Amino acid sequence: MTNKLIVALPDVEAFLQRARGSFIDGGFREQGNPIAIINPADGSQLSTVAQGDVALADEAVAITKGSFDDRRWRGMSPAQRERILLKFADLVEQHSEELAQIETLNQGKSINISRAVDAGFSVDFIRYMAGWTTKLEGKTGDVSIGMPEGANFNAYTLRQPVGVVAAIVPWNFPMMIALWKAIPALAAGCSVVVKPASETPLSVLRLAELAVEAGVPKGVFNVILGSGSVVGQHLAGHADVDKVTFTGSTEVGKVIGHAAVDHMASFSLELGGKNPMLVLADADIEKAVNGALMGGLLNQGQVCAAASRFYVHRSLHDEFCSRLRSVVDQMSVGPGMDPQAQVNPVVSQRHQRSILQHLERAKAQGANVHYGVQVPEEGFYVSPVIISDAKQTFDIVREEAFGPILTVIPFDDVNEALAMVNDSELGLAASLWTESLSEAMRLTPEIEAGTVWVNTHVTLDPSLPFGGFKQSGIGKEFGQEAIYSYTKLKSICIAY
Ligand code: NAD
């Protein structure tokens with residue numbers, strides 16, 4: 001266990017004092033039931049925030065809708081909105097250390113990840129999406145309408161902002177996933193209300209303050225706190241919400257999709273994954289092992305696209321597992337605020353228990369469970385785990401544990417391995433490890449997942465659409481697809 005903690009910036013302390021509840025119409029709201037926000041590294045209380053309720057959610061939606069209806073944001077020129085979003089990116093960059101520290105203190109992950117991914121990638125993402133503001137366009141069509149005789153027609157399509165967007169986000173990358181939804185929505189001219197997970201509201205609240213500082217008009221980017229089953233569910237079913245965008249579990253995604261359809265809101269769902277990594281006999285084993293550690297243990301495996309089932313050719317299986325074991329046996333353990341620590345706490349005690357229950361079940365089913373480095377009792381740590389010689393029938397191969405568990409299944413025949421890869425209800429992401437270009441070209445189209453990587457895993461880019469097949473969701477984030485999903489398409493036909 002290492003213990004060289006970085007000291008939180010004074011700005012972080014000041015923010016924790018200030019942010020006491022939902023952020024609506026440019027300010028914090030303290031009314032509501034106060035709940036403790038916990039630091040998962042030691043179970044201590046970071047701050048308290050007031051949970052919103054149905055009445056406050058109604059107010060947040062009314063404010064968001066008011067800002068859409070009076071055109072204070074969508075009525076600006078695209079170039080003006082682009083400039084404001086670019087300024088927002090600059091502010092997120094300037095405050096990136098503060099934001100990274102808030103994220104690590106609240107979520108538990110390594111400060112290195114918070115700096116590089118949660119803050120760093122977010123800045124790139126905002127800049128990429130800001131560019132779309134000035135590039136939304138419709139098409140003109142050469143129509144063949146023959147009546148009335150002699151009439152001429154001009155027809156074209158118009159992309160308009162979809163309206164009020166409710167973004168419901170999870171606790172694993174609270175700030176980054178909120179931005180994945182809010183920024184394309186804002187770029188398209190929408191007004192947004194974000195509901196963070198109850199465990200991790202802090203970084204999103206700070207983002208909302210920065211958005212106002214950047215020039216996003218008050219009331220356009222709001223944050224409502226509250227429980228998923230009350231406030232989240234209410235937002236999804238709210239008649240004045242035009243689009244619901246959700247990241248989280250498949251189970252909750254279905255509830256949200258139904259609620260949205262009931263009032264004909266559009267929706268997109270980024271859901272769970274049980275993501276395979278397929279390692280062929282000709283793979284570079286060192287690259288594959290490094291890829292497995294990165295793809296499987298990033299943020300303690302609390303990543304929707306994390307690799308969690310590893311199909312490894314029998315000729316490599318034992319060496320692959322022994323290399324993984326030797327790394328996880330020696331990883332350094334500590335709070336996310338210790339930049340040297342490689343094993344950090346998971347988000348909450350509830351989630352820690354859930355991961356440990358998955359492991360108990362795996363052992364009961366005969367899994368060969370190897371625990372890595374020992375972890376402290378204080379804080380919500382889970383030792384990284386390698387399960388070797390696993391069977392496709394084990395629950396741990398089929399169910400998402402969302403923790404640091406790498407389960408390795410040997411195979412002899414690549415087509416049988418492909419069948420096991422696809423034998424899952426989920427289909428978010430997958431990776432293939434091979435030095436053979438022909439195998440890569442043959443297998444990538446056959447793998448049932450929204451993203452397939454070759455010789456890499458969890459590699460995202462703002463321009464590359466991301467979202468699941470099968471039970472892993474509906475719709476895409478990133479790229480033009482994301483921007484379009486926050487617009488509605490109107491056809492205009494003019495007779496002259
Ligand atoms: P969750 O589904 O329980 O919660 C996600 C969000 O939904 C939270 O804000 C929560 O408060 C809210 N919520 C809960 N019940 C609700 C309801 N009935 N109506 C409306 N909102 C409700 O998931 P979680 O535990 O926060 O996150 C972990 C899950 O999210 C994992 O299954 C993981 O795979 C998935 N995930 C997916 C992606 C992706 O991009 N596909 C990314 C991150 C996490």
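As recorded in an unreviewed UniProt entry, the chain goes by Aldehyde dehydrogenase family protein and comes from Vreelandella neptunia. As its UniProt record puts it under Sequence similarities (unreviewed entry), the chain is described as follows: "Belongs to the aldehyde dehydrogenase family."

Q: Explain the site of the ligand here, please?
A: Looking at the ligand, there are 28 residues lining it, with Val 169, Ser 249, Leu 271, Cys 304 and Glu 400 nearest. Trp 171 places a side-chain nitrogen or oxygen 3.0 Å from an oxygen atom of the ligand. Contact distances for the ligand include 2.4 Å between a nitrogen atom and a backbone N or O atom of Leu 271. Protein contacts shield 88% of the accessible area of the ligand, which totals 840 Å² for the unbound molecule. Elements that contribute at least two residues to the shell around the ligand include exactly α8 (228-236), β10 (243-247) and α9 (250-262). No other element matches the four residues that α8 contributes to the shell around the ligand. The class makeup of the residues in the shell around the ligand is 15 nonpolar, 10 polar and three charged.

Q: How should the UniProt feature "active site" (unreviewed entry) in the chain be read in this particular structure?
A: UniProt marks Glu 270 with the feature "active site" (unreviewed entry), using the numbering shown here. Note on placement: Glu 270 falls in strand β11 (residues 266-270). Discounting chain neighbours no more than four positions away, the residues touching Glu 270 are Lys 181, Phe 246, Thr 247, Gly 248, Leu 428, Phe 466, Gly 467, Gly 468, Ser 472, Gly 475, Lys 476 and Glu 477.

Q: I tried to follow the packing of aromatic side chains on my own but got confused; where do I start?
A: Describing an aromatic ring pair means giving the distance of the ring centres and the angle of the ring planes. Per the stated rule, a full pass over the model turns up 10 aromatic pairs. Summarising the aromatic geometry, the rings of Phe 310 and Phe 320 are spaced 6.3 Å apart at their centres and angled 45 degrees between planes, so their arrangement reads as tilted. Placement of the pair is Phe 310 in strand β13 (residues 307-313) and Phe 320 in helix α11 (residues 314-328), with a sequence separation of 10 residues. No difference in accessibility class separates Phe 310 from Phe 320, as the two residues are buried. Put simply, the rings of Phe 121, Phe 125, Trp 180, Phe 466 and Phe 478 touch in pairs and so form one group of aromatic residues. Sitting over the ring of Trp 73, Arg 81 keeps its end group 6.0 Å from the ring centre. Lying across the ring of Tyr 484, Arg 159 places its NZ or CZ 3.5 Å from the centre.

Definitions and cut-offs
- Residues numbered from 1 in each chain as written.
- Predicted model: local features only at pLDDT ≥ 70, side-chain atom pairs only at ≥ 80, totals over all residues.
- Heavy atoms only, no water.
- UniProt positions renumbered as here; feature names shortened; annotations may be inferred.
- Near = heavy atom within 4 Å.
- Polar contact = N/O pair within 3.5 Å; in protein donor to acceptor, adjacent residues only side chain to side chain.
- Areas by Shrake-Rupley, 256 points an atom, 1.4 Å probe, with all protein chains shown as cover.
- Helix = DSSP H or I, 4+ residues; strand = E, 2+ residues; numbered from the N terminus.
- Nonpolar A, V, L, I, M, F, W, Y, C, P; charged D, E, K, R; others polar.
- Contact = heavy atoms within 4.5 Å.
- Phe/Tyr/Trp six-rings, centres within 6.5 Å; stacked < 30°, edge-to-face > 60°.
- Buried < 20%, exposed > 50% of the residue type's maximum accessible area, 1.4 Å probe, protein only.
- Lys NZ or Arg CZ within 6 Å of the ring centre and 35° of its normal.

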